Amino acid sequence: MGIEEKEKEDARYVASDSDVGYAKRWLVLYEDGTLVYSLDPEKKPRGIIEVPHASMSSDIRHGTVHVDSGSNVFHLKMLSDDDFAQWRTVLRKFLHYQPNELVTAQANDAAPSQPGSKADQLVNSSIEQLRKIPPSSQSPETNTALNQLVELKAELAKIQGVSTNRFSGDWAARSAAGSPSGSPRTSVAGGNVGSSASSFTGGDDADFYDANDDLEGAEYNIEEDLGQGYEDHGNQDSEGSSDTDDSQERGSMPATYGAKGLAQEIQYRKSLPAPVTGEEVSLFSMLKKNVGKDLSTISFPVSFNCPLSLLQAVAEEYEYAPNLLERAATSQDNVERLSLVSAFAVSGYASTAQRSIRKPFNPLLGETYECIRADRDLYFVAEKVVHRPPIVAAYACGKGWKAHSCGTVKNKFWGKSLELITEGSQLVELDTGEQYSISKPSSFMRNLLAGNKYLEHVGELVVTELKSQMRVVIQFKESSMWGGASSRNHLSGTMYDANNKVITQFKGKWDEQFSRQTEKDHLQVLWEAAPMPSDPTKYYGFTNFALSLNEITPDIDGVLPPTDSRLRPDQRALEEGKLDQAESLKAILEDKQRERRKKMEDEGEDYLPQWFHHDNNATEDQPEFVYGGNDQREYFQIRSKVAQNSSSWDVKAADIFSET
């Protein structure tokens, strides 16, 4: 690990492992969030930063964390992924607390005779008073006094630490959390120091967290560690998750939706029953035989599929929706709301980062899929509503938001690549009354003829707030012919008002993060992708969220409708590694579907969706099919009764997965 102290005018420079040498230094993080470093444990501190008053940035790729107090900046470099995760986790704890609250908590917990407690109060009071002086009235003497008080505070903390055993011990022997309870605020570490050389430009690989002037260390309410944060998401507001009136607004879905209620904590799987099954077949050879044809009309071998349906692929787009759209719904700033909705629109592409050739199963007409996650407060249902062209309608909702989508995917074969063109619309509604339409760019499957195959998205993604006509235009950039993998997945965006005046700008990578530019060299991270599984290629390039989508967990066992994708036998067989059985079942189900369609045509019937209806008044910005069946039935209402054993599923397409 490395650490470096620099004056503010040099704070634009950060260390990188390609051009920096490091030397060991001793780091101490105190319980009140004071971070100091020295040459060794016996010497006085050479640099001091109060983390709750600082901004923090981190670079996952290079294993670095940068803490900037405004007058000093520390550059920390970790030598292992574990060290990086531990340091970033423990430093972040202080960005979510007011320093005064920490001091108060410590004072309440400390014994009355604790040395220096009165001195602590006097020093903290003096620091707060000096910080209240307007910048226009500050003098050099004021800044000097403030820095001396901060240094004095660190020395007092060190004295108290020795007398009350406040340290958590050697970092190498303990976790970032410190004590067995996982909640202390102190750590000691040895590290390395390095000189700085590369220019700070807010690159795509860095995460930036700006301290809020009004709420010190508030991190702009950014929750970056989405992988862990989502696991705790359902427990953050237990009242909200059990409030009956609130659930009724989400489509009459009561909190006790599961067959066994919500009392149990569901543990979702982290792997599939079997790894990738079947050898990769040349998509190019299939396309060459079917030039000019719509791929949705071609029956591909099952080895072209991954064990998810297109309905489940739509559900993947909502992995980050609860966090981002809930934040948008509670924001008082229309620019921030539009920014967060745009982050949601970008986040839906992250799940495709490791996908290249295998495609989802094309749903059968009438096939449905639900994704109800108590841990995320996410409610989602989708249905294939039209067979040709294959149209999927979906509805999702959570605290303060709901979303409708309806669309299909068309394709063009360009020789070396296949373009997938999304047609349709997606509409996000917040409880604020605002509606946001989302139009999407094309996707390309590259190097079909030769080379490493990969998927990339190219073109414009546009998010428009329909009332104010404010919009965000995000350009998904095409990779460079000579740039290799490092040139892929980049994007940049601009927010405009109704008069085309630029409001703010964005940058990032659709498989990593999306940030808003707040100053010339400062980015506010709005969203970051959760970590991928350790070996995603083993399981079709699935994310951890995708690995759980086809799982039948105890809370939904016996509650799902007979049309749910999880009950589709050919898809289940492929997931279990039974390729021949999957191929045979797929042929049977498709033959049965053709028979049903022919019978309907002979009788002059049109298929009516179960849970969606056609909106004759839909505009270009609104989905053609919206939530709610033609008979006024709502999916979540019926499901609630089924879960309570007071009803059963009554659906016309109940036999679509029948093998006889």
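Residues numbered from 1 in each chain as written. Predicted model: local features only at pLDDT ≥ 70, side-chain atom pairs only at ≥ 80, totals over all residues. Heavy atoms only, no water.

A.B. asks: Please set out unusual backbone geometry residue by residue, giving values where relevant.
C.D. replies: Most of the time, phi is negative for any residue but glycine, and the peptide bond is trans. The linkage connecting arginine 388 with the following residue, proline 389, adopts the cis geometry, with an omega of 0 degrees. By secondary structure assignment, the location of proline 389 is in the loop between strand E15 (378–386) and strand E16 (391–398). A positive phi is found at asparagine 489, a non-glycine position, where the angle reads about 75 degrees. Of note, asparagine 489 is situated in the loop between strand E22 (471–476) and strand E23 (490–496). (Helix = DSSP H or I, 4+ residues; strand = E, 2+ residues; numbered from the N terminus.)

A.B. asks: If you had to explain the side chain of aspartate 375 to someone new, which residues and values would you point to?
C.D. replies: Structurally, the position occupied by aspartate 375 is in the loop between strand E14 (368–373) and E15. Polar contacts involving the side chain of aspartate 375 include one to the side chain of arginine 373, which spans 3.0 Å. (Polar contact = N/O pair within 3.5 Å; in protein donor to acceptor, adjacent residues only side chain to side chain.)

A.B. asks: Describe the nonpolar core, listing the residues and the values that go with them.
C.D. replies: Core analysis: the largest hydrophobic core is formed by 65 residues, its most contacted members being Tyr318, Phe380, Trp401, Phe514 and Trp527. Broken down by element, this core gets its largest block of residues, eight residues, from helix H11 (residues 334–347). In contact with phenylalanine 514, other than residues within four places in its own chain, are Ser339, Ser342, Ala343, Val346, Ile474, Leu491, Phe506, Lys507, Gln524, Val525, Leu526 and Trp527. With 21 residues, the next largest nonpolar core counts Ile372, Cys406, Phe625 and Ile638 among its residues. (Core = buried A, V, L, I, M, F, W, Y, C linked by side-chain atoms within 4.5 Å. Buried < 20%, exposed > 50% of the residue type's maximum accessible area, 1.4 Å probe, protein only. Contact = heavy atoms within 4.5 Å.)

A.B. asks: Could you give an account of H11, with specific residues and numbers?
C.D. replies: The terminal C-alpha atoms of H11, which comprises 14 residues, lie 20 Å apart, in line with the 20 Å expected from a rise of 1.5 Å per residue. Most of H11 is tucked away: twelve of the 14 residues are buried. Among all positions in H11, only Val335, Arg337, Leu338, Ser339, Leu340, Val341, Ser342, Ala343, Phe344, Ala345, Val346 and Ser347 are buried. (Expected span 1.5 Å × (residues − 1).)

A.B. asks: Could you give me a rundown of helix H1 (residues 81–92), with the residues and numbers involved?
C.D. replies: Side chains of residues three or four places apart in an α-helix project in the same direction, reflecting 3.6 residues per turn. Taking 1.5 Å per residue, twelve residues should reach 16 Å; H1 reaches 16 Å between its end C-alpha atoms and fits that length. For H1, every residue scored as buried is listed here: Phe84, Trp87, Arg88, Val90, Leu91 and Arg92.

A.B. asks: Describe the packing of aromatic side chains, naming the residues involved and giving the relevant values.
C.D. replies: This model, assessed by the stated rule, comprises 16 aromatic pairs. Ring centres of phenylalanine 506 and phenylalanine 514 lie 5.1 Å apart, and the angle between their planes is 10 degrees; on these two criteria the pair is classed as stacked. A residue is classified by how much of its surface remains accessible, and phenylalanine 506, at 4% relative accessible area, is buried. Among the aromatic residues, those joined into a ring-pair cluster are Tyr379, Tyr395, Trp611, Phe612, Tyr627, Tyr635, Phe636 and Trp649. The ring of tyrosine 268 has arginine 373 sitting right over it, with the charged end atom 3.6 Å from the ring centre. When the ring centre of tyrosine 454 is taken as reference, the NZ or CZ atom of arginine 488 above it lies at 3.5 Å. (Phe/Tyr/Trp six-rings, centres within 6.5 Å; stacked < 30°, edge-to-face > 60°. Lys NZ or Arg CZ within 6 Å of the ring centre and 35° of its normal.)

A.B. asks: Tell me what's going on with the environment of arginine 471, and back it up with residues and numbers.
C.D. replies: Counting through the fold element by element, arginine 471 comes out in strand E22. With 33 residues separating them in the primary sequence, arginine 471 and isoleucine 438 have C-alpha atoms 9.8 Å apart. Here arginine 471 is in contact with Leu338, Val463, Thr464, Thr494, Met495, Tyr496, Asp497 and Asn500, once residues within four sequence places are set aside.

A.B. asks: Help me get a handle on the environment of alanine 382, residues and values and all.
C.D. replies: Note on placement: alanine 382 falls in strand E15. Put simply, alanine 382 and tyrosine 369 are 13 residues apart on the chain and 5.3 Å apart in space, counted from C-alpha to C-alpha. In this structure alanine 382 touches Leu311, Glu367, Thr368, Tyr369, Val392, Ala393, Ala394 and Phe612, once residues within four positions along its chain are discounted.

A.B. asks: Lay out the packing of helix H10 (residues 321–330) against H11 in plain terms, naming residues and giving numbers.
C.D. replies: Where H10 contacts H11, the two axes come as close as 8 Å, and the packing angle between them is 165 degrees. In terms of their interaxial angle, H10 and H11 are classed as roughly antiparallel. Taken as a pair, H10 and H11 cross one another with a handedness that is left-handed. Residue-level contacts link Ala321, Leu324, Leu325, Arg327 and Ala328 of H10 to Arg337, Leu340, Val341, Ala343, Phe344 and Ser347 of H11. When its residues are assigned to classes, the contact of H10 with H11 shows eight nonpolar, one polar and two charged. (Axes fitted to C-alpha atoms, helices over the stretch in contact; angles between N-to-C directions. Parallel < 35°, antiparallel > 145°, perpendicular 65-115°, else oblique. Left-handed = near helix turned anticlockwise from the far one by under 90°. Nonpolar A, V, L, I, M, F, W, Y, C, P; charged D, E, K, R; others polar.)

A.B. asks: Break down the pairing of strand E26 (residues 522–528) for me, with residues and values.
C.D. replies: Within a regular strand, side chains alternate between the sheet's two faces. For E26, the tally of buried residues reaches six of seven residues, placing the bulk of the element in the interior. Alignment of strand E25 (residues 513–519) against E26, held across six bridges, turns out to be antiparallel. Residue pairing across strands places glutamine 513 opposite glutamate 528, the latter belonging to E26. Remark: two residues form the turn of the hairpin made by E25 and E26, two consecutive strands paired antiparallel. (Pairing = 2+ DSSP bridges.)

Function-wise, these values are silent; they only describe arrangement.
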